[in-house]
Amino acid sequence: MNHSTSEATGLDPAVLRDQLFELWNGKDLLSLHCVAIQGFSKLHEPLEALLTILESCPGKQKGRSHTLAFQILTEFQTWVKEHPQVTLSSKPECEALKLQNRALCLLTDTHGGFIENLINIYHLGSVNPAVLRLHIVRLQAFHCYKEAAVLCIKFKLQTDMNMEEMCVPLILQDKLSLAESFVTGHHHLEQQLVTLLDSWCHPSFTVDEISRRFPHLYLSKHCMGLIKPKILSKHVVRLVEKFNIEQGLCPNALHKRRLDSLRFLMYKRFVEKSMTEENWRDHVQYVVSDDHKLQIKLVEMLVQYCGLRTASQWSLKYNIPRNQLPFGVWDVQQSLPPHLQQICDSAQTEDWIPSQRHRQKFYQVPLAKDKVHFVRTVEDLQRCRNILLKDGVTVGVDMEWQPTFGCISNQQVALIQLAVFDQVFLLDLCANGFCQHPDTIGFIRSLFSHRNISKLGYGMSGDLKCLLATWHQLLEEPLKMEGVIDLLRVHQKMQSSKGRRIHNGPKEVLVGENSAEKGLSLLVQQVLGKPLDKTEQMSNWEKRPLRISQIRYAVADACCLLDVYSVLSSNAAHFGLPADLSSIFSSHSEKSGDKTPKEKKQKKQTLGQEECQGAQRVSPPRSDTEKGLLCGEKPSENAPLLPPQQLRVVCDNMLQGLGRYLRCLGVDVVMLESTDDHRRAAELAHMEGRVILTCGQPFQSLRSQVGEGRCLSLDCSEKARDQAVRVLRHFNVQPTPSDIFSRCQACNSDQYVAVPREDMVKMLTQKGFLQDPDTNTDRSQQTSRQQEEENCGDILTTSATPELPRYALQCRWALLSELDPDTMTFPGGAPIQLHTVPPTLLQRIALFYVCTRCGKVFWEGSHFGRVLSMFQEVLQIADGDADSVTQHH
């Protein structure tokens, strides 16, 4: 009788779950696959049993793919393809709806594959939209804002939801990119998002407005840092172009960007004194434009920097009313003679050949003025084609565009310089009708795609970006690049070699050493002996006619490429380069060919001293003897070992994996989000005494903003685990098993509250996550526990409290009595994330640990053993820890 019943009911889902759990812990994925495939075939009701397994699956973690639940779902998806009869459509409608409702409750996992598989298996796309909306609203009520937004996008329900209620919590959780995805494709929602962000850029805006509108949201210090006008205005400008929105919808952000630009121009002209009067005047008029408030601000700044006469001249130009003028400006206005009441452009005549002082100091254009040809018409272009589009020609290529100081992000090319040995052609893209003429675009395509024409440039990725902004046709039909030689890569090769010498000079020169030059100007100095004059770099390149000094600068930028290439090609060994310079590009392609675009971006080198004050670079060991060394040196034998709690770091947004591993080992880690400016790292380093961990481009700018040894640059091509080991050894930090998980992995807090099973049952029941209040516990025990808590006040001191975790001594512990019993929130406003606790977990977990800052719930599981195994080479394992280590191996 029992045997026949067993056959009728099939394999118990709990038995299959336990088998899979054991194999998962043993990392035996091959056996797990076999057992899963066989087990699914033995289940009486596979679709119902799968939900039962997933609902009780231990170790489920939000947003992570490598979990048992995700693995089981993937295996089921494979199995069901071989069993097409197992489908929801074969079920009665009532039963199918019940299964769909259960599946919906599992959609708190935000991993795309997990969600997609559930939607496909249980046909969730066919669920009544009203039911889906109700589920999304429920997720929001439980503060699962990310999960709610992801499901909205999956089910295409964006237009049915309130944009602000969906997106504001995401923005405050540093998930603006998800908010962008939510509105993308719905123009009215895109406009609403941009308008919302712009309203936060208004000078009178305060976070109190958000608190009044969304009283349930917890506004932490970090949240408030995300909604500063300086950061928001950058996003607004970017989104205006991304969504093709009228700039009139974001007046506050544009005003903020222009005001910051105005301050920058005042600094460049009157403090740094690195901008000419002509360039400053052009840029100020562009930035101020017709913004009356900025015009007044300009006059106020001029009073401070220049005096009343200059301020009076500009106030007359903009016709500012007397009652809005700074003190004294009106009186000076009245005293100005007529010829000084207007701001006039300087009428100085310039010679093509500069002064002797200039010739002695800077690289000079090796051509007479009559060898410089402006190309403004199709006829001019034909002459240019006849000379340049020939096999074997080498062309120096450079481009200029109007600086916009962040007011718009996509800059269009104004001038293209094309230099050959004896002449230079300047393609004037501002000439009427010339830029968008089909012949012009056709010439650009022909030039860059011609395999037998060598095109020399320096850092051509920026030029290419501006080309794409100038000609959208190049996006529709991508520009082919053949025969392009980027001297930036050659320059990088020079810096990594031992032959760094100035041309005809005896001294070896590191990039940036005793020199204010950088980039192309530095390469020209190293190879040709003199740098470029970059005074006209930030010119108004759209204003016509161009000044002689501008033309001279533009020509020099293109001609110097030919001269540098000629010297390097004829004397490559002197500069530590291979005889065939093209081999640099082929070897670079081989090394980067197998890398993903993200890895290529992270690997991008920068030019600068590798070791400098306030910063250090960390590289992988070059041989077996160097394993365990950092920068070629072992930590001092006598240096004291530091506990991880004493190391406080801030990781930039390219080192998130490193940050998670260090935090896992007890290090105090703040991680920048993808939208954070890297300067935020310097602010945190100063305010909180942290060390900056970075890689790539930010290293160059951060190193000068912090003190000696407070910035560490790592190799982004290394795995995060190896980076973590290097950082620990560099700072002589040796964690113990007791440090593992002593900090919250989500928010970095080291304060927890212990919640016994009985109390967790009460909470789950109260919030509707547990149907049976008597599950695995006795009511009398709950009453006893409640009385004991009332008597003691601190549940951690009661004799019935289960043993605290191994990291108890490394944490701060709060009282459960501090939790609001009605809202289930801590004093800081964070709610307990009860939705992450599988009810069946209550059968085997006696004590839960909740972070008091973010409300995340933890419990003892198998992850500790994996971390222990991964970092055992740097862990300090005492005799008392031996048993713990053995148990987890």
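Bear in mind the structure is a predicted one, so any value in this text is a computation, not a measurement.

Rules and cut-offs
- Residues numbered from 1 in each chain as written.
- Predicted model: local features only at pLDDT ≥ 70, side-chain atom pairs only at ≥ 80, totals over all residues.
- Heavy atoms only, no water.
- Helix = DSSP H or I, 4+ residues; strand = E, 2+ residues; numbered from the N terminus.
- Buried < 20%, exposed > 50% of the residue type's maximum accessible area, 1.4 Å probe, protein only.
- Contact = heavy atoms within 4.5 Å.
- Areas by Shrake-Rupley, 256 points an atom, 1.4 Å probe, with all protein chains shown as cover.
- Pairing = 2+ DSSP bridges.
- Axes fitted to C-alpha atoms, helices over the stretch in contact; angles between N-to-C directions.
- 1 Å grid on protein atoms, 1.4 Å probe; cavity = no way out; pocket = protein on both sides within 12 Å on 5 of 7 lines; lining within 4 Å.
- Points joined across faces, edges and corners; volume = space filled by probe spheres on them.
- Nonpolar A, V, L, I, M, F, W, Y, C, P; charged D, E, K, R; others polar.
- Salt bridge = Lys/Arg side-chain N within 4 Å of Asp/Glu carboxyl O.
- Core = buried A, V, L, I, M, F, W, Y, C linked by side-chain atoms within 4.5 Å.
- Arc of directions from axis to C-beta.
- Left-handed = near helix turned anticlockwise from the far one by under 90°.
- Patch = residues over 30% accessible without salt bridge, like charges linked within 9 Å, V, L, I, M, F, W, Y side chains within 5 Å.
- Phe/Tyr/Trp six-rings, centres within 6.5 Å; stacked < 30°, edge-to-face > 60°.
- Lys NZ or Arg CZ within 6 Å of the ring centre and 35° of its normal.
- Polar contact = N/O pair within 3.5 Å; in protein donor to acceptor, adjacent residues only side chain to side chain.
- Parallel < 35°, antiparallel > 145°, perpendicular 65-115°, else oblique.

Asks: Can you help me understand the overall build of the protein chain in this one?
Replies: Counting secondary structure elements, the protein chain contains 38 helices and 15 strands. Within the span of the protein chain, comprising 889 residues, buried residues form 48% of the whole. Contacts in the protein chain between residues far apart in sequence, at least 24 positions, make up 67% of those at least 6 positions apart. Of the roughly 43,200 Å² of accessible surface on the protein chain, a fraction of 50% belongs to carbon and sulfur atoms.

Asks: Could you clarify how one ought to interpret the sheet that holds strand 15 (residues 857–858) in this entry?
Replies: Pairing between the strands of a sheet is mediated by backbone hydrogen bonds and can be parallel or antiparallel. Pairing within the open sheet is mixed, and its 4 strands lie in the order 13-12-14-15. Unpaired on one side and paired on the other, strand 13 (812–813) and strand 15 mark the two borders of the sheet. In the packing of helix 35 (residues 757–766) onto the sheet, contacts are made with strand 12 (751–756), strand 14 (847–851) and strand 15, and the angle to strand 12 comes to roughly 90°.

Asks: Can you walk me through the pairing of strand 2 (residues 394–401) in this structure?
Replies: Looking along a regular strand, one sees side chains alternate from face to face of the sheet. Burial runs high along strand 2: 6 of the 8 residues are buried. Strand direction decides the pairing type here: strand 2 and strand 5 (residues 454–457), joined by 3 bridges, are parallel. The partner of Thr394 across the bridge, within strand 5, is Ser454. The sheet contact formed by strand 2 and strand 3 (residues 413–419) spans 6 bridges and is antiparallel. Residue pairing across strands places Glu400 opposite Leu415, the latter belonging to strand 3.

Asks: Help me out: how do you make sense of the layout of surface pockets in this one?
Replies: Empty space left among the atoms is revealed by rolling a probe the size of a water molecule over them. What the second largest pocket holds in volume is close to 670 Å³. For the second largest pocket, the lining is made up of 31 residues, of which Glu350, Glu536, Arg547, Ser549 and Gln550 are closest to its centre. Taken together, the elements giving at least two residues each to the lining of the second largest pocket come down to helix 17 (277–288) and helix 28 (548–570). Tallying contributions element by element places helix 28 first for the lining of the second largest pocket, with 6 residues. In the lining of the second largest pocket, the residues fall into 8 nonpolar, 11 polar and 12 charged.

Asks: Would you take a moment to explain the pattern of salt bridges for this structure?
Replies: Side-chain pairs of opposite charge can arise whenever the charged atoms involved come near each other. Taken as a whole and judged by the stated rule, the model has 29 salt bridges. When the shortest N-O distance is used, the salt bridge between Glu277 and Arg281 registers 3.2 Å. Taken as a pair, Glu277 and Arg281 lie in helix 17 at a separation of 4 residues, close to a single helical turn. Lys534 is paired through a salt bridge with Asp557; the nearest N and O atoms lie 3.8 Å apart. Within this pair, whereas Lys534 is found in the loop between helix 27 (519–528) and helix 28, its partner Asp557 is found in helix 28, the two being separated by 23 residues in sequence. Judged by relative accessible area, which is 3%, Asp557 ranks as buried. Salt bridges sharing common partners tie together Asp282, Glu536, Lys543 and Arg547.

Asks: Before we go on, may I ask you to explain the nonpolar core in this structure?
Replies: What tends to happen in soluble globular proteins is that the nonpolar side chains get buried as a cluster. Within the largest apolar cluster, 88 residues are counted, with the highest numbers of intra-cluster contacts made by Ile72, Tyr122, Leu124, Leu197, Trp200 and Ile210. Core analysis: the next-biggest nonpolar cluster, separate from the first, contains 43 residues, Val365, Leu415, Val524 and Cys559 among them.

Asks: What exactly am I supposed to notice about the sheet that holds strand 3 here?
Replies: Pairing in this open sheet of 6 strands is mixed, and the strands run 1-4-3-2-5-6 from one edge to the other. One side of each edge strand has no neighbouring strand; the edge strands of this open sheet are strand 1 (372–375) and strand 6 (484–486). Looking at each pair of strands side by side, their axes are set apart by 25° on average, direction ignored. Relative to strand 6, strand 5 runs parallel, the two sharing 3 bridges. Its bridge partner lying in strand 6, Leu456 is registered against Ile485. Along the sheet, helix 22 (residues 378–388) contacts strand 1, strand 2, strand 3 and strand 4 (424–428); its crossing angle with strand 1, the most-contacted strand, is approximately 125°.

Asks: Explanation requested: the environment of Gln192 in the structure shown.
Replies: Take Gln192: it is sitting in helix 12 (residues 187–199). Considering only alpha carbons, one finds Gln192 and Met163, 29 residues apart in sequence, at a separation of 7.5 Å.

Asks: For this particular structure, what's the right way to read helix 37 (residues 863–870)?
Replies: An α-helix turns once every 3.6 residues. As a result, residues three or four positions apart point the same way. All of the buried residues in helix 37 are Phe864, Gly865, Val867 and Leu868. Take helix 37 and look down its axis: the buried residues cluster within an arc of 165°, on one side only.

Asks: Could you clarify how one ought to interpret the packing of helix 2 (residues 13–25) against helix 5 (residues 68–81) in this entry?
Replies: The angle between the axes and the distance between the axes are what describe a pair of packed helices. Relative to each other, helix 2 and helix 5 sit at 115°, their axes nearing to 11 Å. Classified by chirality, the crossing of helix 5 by helix 2 is right-handed. Every residue of helix 5 that contacts helix 2 at Leu20, Phe21 and Trp24 is listed here: Leu68, Gln71 and Ile72. Here the residues of the contact of helix 2 with helix 5 sort into 5 nonpolar, 1 polar and no charged.

Asks: I would appreciate a short explanation of a nonpolar patch on the surface in the present structure.
Replies: Taken together, the side chains of Tyr267, Val271 and Tyr305 define a hydrophobic patch exposed on the protein surface, amounting to about 270 Å² of accessible area. For Val271, the position within the fold is in helix 16 (residues 251–271). With a relative accessible area of 44%, Val271 lands in the partly exposed category.

Asks: Would you mind showing me how to read the environment of Cys105 here?
Replies: Along the polypeptide, Cys105 turns up in helix 6 (residues 93–105). In sequence terms Cys105 and Glu55 are 50 residues apart; their C-alpha atoms lie 9.0 Å from each other.

Asks: Looking at this structure, how should I read the packing of aromatic side chains?
Replies: Both the distance between ring centres and the angle between the ring planes are used here to describe each pair of aromatic rings. Considering all chains together, one arrives at 15 aromatic pairs under this definition. Between Phe40 and Phe76 the ring centres are 5.1 Å apart and the planes differ by 75°, which places this aromatic pair in the edge-to-face class. Here the residue Phe40 occupies a position in helix 3 (residues 29–42), and Phe76 occupies one in helix 5, the gap between them amounting to 36 residues. Each of the two residues, Phe40 as well as Phe76, counts as buried. An aromatic cluster is built from Phe270, Trp280, Tyr305, Trp314 and Tyr318, whose rings are joined through pairwise contacts. Positioned over the ring face of Phe374 is Arg376, at 4.2 Å from the centre of the ring.

Asks: I keep staring at the side chain of Gln158 and nothing clicks. Help me out?
Replies: Within the secondary structure layout, Gln158 lies in the loop between helix 9 (145–154) and helix 10 (163–172). Judged by relative accessible area, Gln158 falls into the buried class, the value being 6%. Polar contacts involving the side chain of Gln158 include one to the main-chain carbonyl oxygen of Phe182, which spans 3.4 Å. Leave out the neighbours within four places in its chain, and Gln158 touches Cys152, Ile153, Ser181, Phe182, His186 and Leu189.

Asks: What's the story with the packing of helix 18 (residues 292–305) against helix 19 (residues 308–317) in this structure? I'm lost.
Replies: Where helix 18 meets helix 19, the axes come as close as 7 Å, and the angle between the chain directions of the two elements is 165°. Between helix 18 and helix 19, the crossing angle belongs to the class labelled roughly antiparallel. Two packed elements cross with a definite hand, and for helix 18 against helix 19 that hand is right-handed. Residue-level inspection shows Leu298, Val299, Leu302 and Val303 of helix 18 in contact with helix 19, the latter providing Leu308, Thr310, Ala311, Trp314 and Ser315.

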